[in-house]
Amino acid sequence: MISVEEARKILSAHFKVGIPTSIELRKSLGSVVAEDVYALIPVPSFDNSAMDGYAMKFDEKESEWKVTLLVRAGDTSETSLEPGEAARIFTGAKIPRGADTVIPQELVSYDPETKILKYQHEKITTGSNVRLTGSQCQKGDLILSQGTRITPGVVGLLASVGLSQLTVYSRPSVGYIITGDELQQVGATLREGEIYNSNGPMLEALLQQTGIKKITPYHVPDDKEQLQRAIDMALEEHEVLILSGGISVGDYDFVKECLESAGVVELFYKLKQRPGKPFFAGKKGEQWIFALPGNPASVLSCYNQLVKPCLKHLMGEQEVWKPDLYLPLKKDHNKKPGFTFFVKGRVSGREVEVLQGQQSFNLQAFNVANCLVELEEEKDLIPAGTLVPVYYL
Ligand code: AMP
Ligand code: MG
């Protein structure tokens, strides 16, 4: 049995980034850009008004202008002003030639009869309220480095320079196989001795949260032939295969031998961790295969702590093992030494609390949990105030 730390090292040694692929901007959220991105145009691409007001060539000695023009946002005509003239202008509208400043409408008085604009304040200086060409970026500027994850703000940034298509690391297609004779799908009626398949919907949600789009479920009973067929088929179709259940040492746990028959090479099996000791990781060529023990809390923990980092790396992310933050434990915690624990926790304020109900079948604490907390392998008593790694859910 190896430690979690060794498992991370073995998985990292098999990391390989996915293939760059072109994607529509509007579908790119959560992807990682596979090449440096340069601005196609300057932004703004013309000097424009930051306010609704009046544009003119500003001179501290002047306090009156004659309004001779109206410029709206989107006006594309060339306009110009003579000295002493001003333009009524709106936010985003192009500054007329001959003007260099905008005075907000709240700071002026305007007589529509005479078209005379008066301004008494002293807040304005030359250049006020004008957004200059290229003040966000110049044409050809590097605006996004390879390896950056696309957030909604990045989507906006890329749209602002006119990019509708970009190159990102592709997201793998993932198949998952749910095993267990006792399982019934949610929505069906349970018979005595059956339980609902909670791992399927949960895995699907976890994969979606990771940004995986192509997800295919397979359901098989604890039957070796059917499992073998499902594994073989899934390995034909997907770059990543995840299995739930059937990886322990029970008489009906066939996952490991079926994976071997399918040509999957074991990277490791069984970890000094709780929950999720009988975790299996393997590869078949470039394909990743992860078999997770069936208990639902093990599935969530194994996925988040071991599977997700591999998927994220495949999709171009760096530093995939890093905890989100370190926080002091709220209360003393006693654990069994010799195992790394990943416990359901709740960050509140500047502390993290270990929640009640840590059994691996028990999902109730997820109603309030917002993180998993990693508790060191060697430790037994972990005193309140100890800084512990925290991973948000
Ligand atoms: P296994 O790893 O197949 O021995 O399963 C361990 C425990 O997890 C058993 O109590 C199973 O009933 C339960 N289990 C297995 N698969 C699921 C599932 N898809 N949803 C909920 N519980 C499951
Ligand atoms: Mg089972």
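**Re the pattern of salt bridges**
- Scanning all chains against the criterion turns up 18 salt bridges.
- Residues E78 and K94 are paired through a salt bridge, measuring 3.1 Å at the closest nitrogen-oxygen approach. In this pair, E78 sits in the loop between strand 5 (64-71) and strand 6 (85-89) while K94 sits in the loop between strand 6 and strand 7 (101-104), placing the two residues 16 residues apart along the sequence.
- Salt bridges linked by common partners bring E5, R8 and E374 together as one network.

**Re the site of ligand 1**
- Around ligand 1 lies a shell of 16 residues, among which E182, N197, S198, G246 and G294 are the nearest.
- One of the backbone N or O atoms of G294 is found 2.8 Å from an oxygen atom in ligand 1.
- Protein burial of ligand 1: of its 480 Å² of free accessible surface, 78% is covered by the chains.
- Only strand 13 (174-179) and strand 15 (195-196) provide two or more residues apiece to the shell around ligand 1.
- Partitioning the shell around ligand 1 into residue classes produces 6 nonpolar, 9 polar and 1 charged.

**Describing the domain arrangement of the protein**
- If you check the domain split of the protein, you get domain 1 (4-17 + 171-314), domain 2 (30-42 + 137-169), domain 3 (48-131) and domain 4 (325-392).
- Using only C-alpha atoms to locate each centre, domain 2 and domain 3 end up separated by 34 Å.

**Section: the nonpolar core**
- Counting residues in each nonpolar core, the largest one holds 36 residues, and the members touching the most others are L11, I242, F279, F290 and L292.
- Looking at this core, the elements that each hand over two or more residues are helix 1 (4-13), strand 13, helix 3 (199-210), strand 17 (240-244), strand 18 (265-269), strand 21 (287-292) and helix 6 (296-314).
- Top element by residues in this core is helix 6. It accounts for 9 residues.
- Apart from the residues lying within four places of it in its own chain, the contact partners of I242 are V174, G175, Y176, I177, L203, L207, F290, L292, Y303 and V307.
- Within the second largest apolar cluster, 21 residues are counted, among which are A230, V255, A262 and Y269.

**Considering the environment of A365**
- Note that A365 resides in the loop between strand 25 (351-354) and strand 26 (371-375).
- On the accessibility criterion, A365 (7% relative accessible area) is buried.
- Along the sequence, A365 and Q165 sit 200 residues apart, while their C-alpha atoms lie 42 Å from each other.

**Side note on unusual backbone geometry**
- Residue P44 follows V43 across a cis peptide bond; omega there is -10°.
- Among the secondary structure elements, P44 is positioned in the loop between strand 2 (37-38) and strand 3 (48-49).
- With an omega of -10°, the peptide bond running from R274 to P275 counts as cis.
- Mapped onto the elements, P275 comes out in the loop between strand 19 (273-274) and strand 20 (280-284).
- Here the phi dihedral of N129 falls at roughly 60°; this positive angle occurs in a residue that is not glycine.
- A relative accessible area of 22% means that N129 is categorised as partly exposed.
- At E319, a residue that is not glycine, the phi angle is positive and equals roughly 50°.
- Examined against the element boundaries, E319 turns out to sit in the loop between helix 6 and strand 22 (325-328).

**Regarding the sheet that holds strand 16 (residues 215-220)**
- Here 6 strands make up an open sheet; going across it, the order is 16-13-17-21-20-18 and the pairing mixed. Looking at the sheet topology across the chains shown, the edges are occupied by strand 16 and strand 18. Between one strand axis and the next, the sheet turns by 15° as a mean value, whatever way the strands run.
- One ladder, built from 5 bridges, connects strand 17 with strand 21; its direction is parallel. Looking at the pairing, L243 lines up with A291 of strand 21.
- Packed on one face of the sheet, helix 1 meets strand 18, strand 20 and strand 21 and runs near 160° to strand 18.
- Lying over the sheet, helix 3 contacts strand 13, strand 16, strand 17 and strand 21, oriented at roughly 160° with respect to strand 13.

**Description of the state of the cysteines**
- Counted under the stated rule, the structure contains 0 disulfides.
- Not engaged in a disulfide, the cysteine C310 finds its nearest cysteine sulfur in C302; these two sulfurs lie 12 Å apart.
- The exposure class of C310 is buried, given its relative accessible area of 1%.
- Just so you know, C371 is unpaired, no disulfide at all, and the nearest cysteine sulfur is the one on C302, 17 Å from it.

**Description of the packing of aromatic side chains**
- Summed over all chains, the structure comprises 9 aromatic pairs.
- Where F15 meets W321, the ring centres are 6.0 Å apart and the plane angle is 10°; that geometry is what we call stacked. With F15 in the loop between helix 1 and strand 1 (20-24) and W321 in the loop between helix 6 and strand 22, this residue pair connects regions lying 306 residues apart in the sequence.
- Residue class for F15 comes out buried when judged on its relative accessible area of 19%.
- Counting every residue linked through ring pairs, the aromatic cluster contains F15, F268, F279, W288, F290 and W321.
- Above the face of the F339 ring, R274 is positioned so that its terminal group lies 4.3 Å from the ring centre.

Criteria and thresholds
- Residues numbered from 1 in each chain as written.
- Chains lettered and ligands numbered in written order.
- Predicted model: local features only at pLDDT ≥ 70, side-chain atom pairs only at ≥ 80, totals over all residues.
- Heavy atoms only, no water.
- Salt bridge = Lys/Arg side-chain N within 4 Å of Asp/Glu carboxyl O.
- Helix = DSSP H or I, 4+ residues; strand = E, 2+ residues; numbered from the N terminus.
- Near = heavy atom within 4 Å.
- Polar contact = N/O pair within 3.5 Å; in protein donor to acceptor, adjacent residues only side chain to side chain.
- Areas by Shrake-Rupley, 256 points an atom, 1.4 Å probe, with all protein chains shown as cover.
- Nonpolar A, V, L, I, M, F, W, Y, C, P; charged D, E, K, R; others polar.
- Domains from an automatic or database assignment.
- Core = buried A, V, L, I, M, F, W, Y, C linked by side-chain atoms within 4.5 Å.
- Buried < 20%, exposed > 50% of the residue type's maximum accessible area, 1.4 Å probe, protein only.
- Contact = heavy atoms within 4.5 Å.
- Pairing = 2+ DSSP bridges.
- Axes fitted to C-alpha atoms, helices over the stretch in contact; angles between N-to-C directions.
- Disulfide = S-S within 2.5 Å.
- Phe/Tyr/Trp six-rings, centres within 6.5 Å; stacked < 30°, edge-to-face > 60°.
- Lys NZ or Arg CZ within 6 Å of the ring centre and 35° of its normal.

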